[in-house]
Amino acid sequence: PAHTVVEPDATQRFKTSRSASNARRYTAVRVGFGLLSTVAAAMYLGGYSRPHHSDTELYHPSANSCGKGCDQVLDDSVGNGTQYDEAMAMSHVRLSEATYCVGSTNPTYWNCTTCDAGVAVDYVIEDNGARVLVGYDSEHEYVFVAFRGSYDVQNYIDDLDALFKAPYKDDKSSANVMAGLWDEYKKLYDDVFTAMQETALAHGTTKLALMGHSSGGGCATLLAFDVARGAVSGFEAKDIKYVTTFGSPRVGDPTFAAEYDAYNLNSARVTHFEDIVPHLPMESLGYQHVTTEIYYNEHSSSYTVCDDSADGEDDDCSNSCSPFSCTSIDDHLSYLKVVIGDAGC
């Protein structure tokens, strides 16, 4: 694919925004995802309800249907910029898994199962259980930001704080986002912004790929929104080449989803069969996913490009398992046949 290279004077885009702060580094706590089953019970007792569809027609990708470098919009009815590339998504899920394996105690250690050659990690940012990798992919020539999902029970409880927060009032936006997720993102974003700027300068490109699993996918969505609305100095919406999330919770309300979708980003929200997390927080609490959902079947052998819209989510995709079957933790810990979490390291 054609690569977007920074303009000759692009250094000026960062000149006034470079921070002297260094990425904070803390020790992550290793705990499992046992809380999710409890949340599932509460979720369904809380009144979440959607019609069940058992006859979802799945798209079966062929080797040349939309491979590496694809520039085909797979579903024009969605009306946004999503161009799902399964080969690129595989690269992104492997990076998302690597966030569980590579820590700040030895940030140069790049020897995990999914630590691909050609990828260099320039920054490992950690704060109270949250972790972000920022670096450069020499094969695809972009700066990547990969957020790890929640890794300890308290962190996950915080993420599932379903109260709304309106952090964009200064920009005259009434969009609301999940308070717990925003708090996790907020404690990271100054260091992440700086790491992005420094990495872009070091490698001479502002091209971005943003990704993450679970709550990390939610944080990647928040970062994409910040970049698109001009809140990260040195970057613009056009610099975002990929946003790929795996098993992300709902990030905000319909206003947030509409404002996010209005930027027409190449944004793929990948879901897997009966994964519980994409159903949190419930729609009945006023939440709505951003587009575009890419829904994989149980064995990740085929997928559907879903018809999300301003009217809501596609009930023939991940929502088709509700109200009583969207409870799988196993599906949450496996994406594109890649094991996610400590077990995949």
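Being a predicted model, the structure only gives us computed values, none of them experimental.

**A short note on the sheet that holds strand β2 (residues 130-137)**
Strand pairs in the sheet, formed through backbone hydrogen bonds, run parallel or antiparallel to each other. The strand order β1-β2-β3-β6-β7-β8-β9-β10 describes an open sheet built from eight strands, whose pairing is mixed. The outermost strands of the open sheet, each flanked by one partner alone, are β1 (119-127) and β10 (303-305). When the angles between neighbouring strand axes are averaged without regard to direction, this sheet yields 15°. Bridge count for strand β6 (residues 208-213) against strand β7 (residues 240-246) is six bridges, and the pairing is parallel. Across the sheet, residue Ala209 finds its bridge partner in β7, namely Tyr242.

**Some points on the pattern of salt bridges**
Tallied over the full model, the rule gives eleven salt bridges. Note that Arg250 and Glu283 form a salt bridge whose closest N and O atoms lie 3.5 Å from each other. With Arg250 in the loop between β7 and α7 (254-261) and Glu283 in the loop between β8 (267-272) and β9 (293-296), this pair connects stretches of sequence that are 33 residues apart. On the basis of relative accessibility, which here comes to 0%, the residue Arg250 falls in the buried class. Across the pair Arg250 and Glu313 runs a salt bridge, and its minimum N-O distance is 2.8 Å. Here Glu313 lies in the loop between β10 and β11 (334-335) and Arg250 lies in the loop between β7 and α7, a separation of 63 residues in the sequence. Taken together, the shared-partner salt bridges connect Asp171, Asp226 and Arg229 into one network.

**Some remarks on helix α3 (residues 86-98)**
Each full turn of the α-helix corresponds to 3.6 residues, which orients residues three or four apart in the same direction. When the terminal C-alpha atoms of α3 are compared, their 18 Å separation across 13 residues agrees well with the 18 Å that a helix rising 1.5 Å per residue should span. Every buried residue of α3 is listed here: Met88, Ala89, Ser91, His92, Val93, Leu95, Ser96, Glu97 and Ala98. Measuring from the side-chain oxygen of the N-cap residue of α3 to the backbone nitrogen of Ala87 gives 3.1 Å; that N-cap residue is Asp85.

**A short note on the packing of aromatic side chains**
Under the defined criterion, the tally for this structure stands at 16 aromatic pairs. Pairing Tyr142 with Tyr242 gives two aromatic rings, centres 6.1 Å apart and planes at 65°, and the pair type is edge-to-face. Here Tyr242 lies in strand β7 and Tyr142 lies in strand β3 (residues 142-147), a separation of 100 residues in the sequence. Grouping residues by exposure puts Tyr142 and Tyr242 together as buried. An aromatic cluster of at least three residues, connected via ring pairs, comprises Tyr168, Trp182, Tyr185, Tyr189, Phe193, Phe225, Phe256, Tyr260 and Tyr263.

**Re helix α5 (residues 179-203)**
The end-to-end C-alpha distance of α5 is 35 Å, a good match for the 36 Å that 25 residues give at a rise of 1.5 Å each. Within α5, the axis deviates most sharply at Tyr189, by approximately 50°. Most of α5 sits out of view: 18 of its 25 residues are buried. Just downstream of α5 lies Gly204, where phi reads positive at about 70°.

Reading the values: the criteria
Residues numbered from 1 in each chain as written. Predicted model: local features only at pLDDT ≥ 70, side-chain atom pairs only at ≥ 80, totals over all residues. Heavy atoms only, no water. Pairing = 2+ DSSP bridges. Helix = DSSP H or I, 4+ residues; strand = E, 2+ residues; numbered from the N terminus. Axes fitted to C-alpha atoms, helices over the stretch in contact; angles between N-to-C directions. Salt bridge = Lys/Arg side-chain N within 4 Å of Asp/Glu carboxyl O. Buried < 20%, exposed > 50% of the residue type's maximum accessible area, 1.4 Å probe, protein only. Expected span 1.5 Å × (residues − 1). Polar contact = N/O pair within 3.5 Å; in protein donor to acceptor, adjacent residues only side chain to side chain. Phe/Tyr/Trp six-rings, centres within 6.5 Å; stacked < 30°, edge-to-face > 60°. Bend = angle between axes of the 7 residues up to and from the residue.

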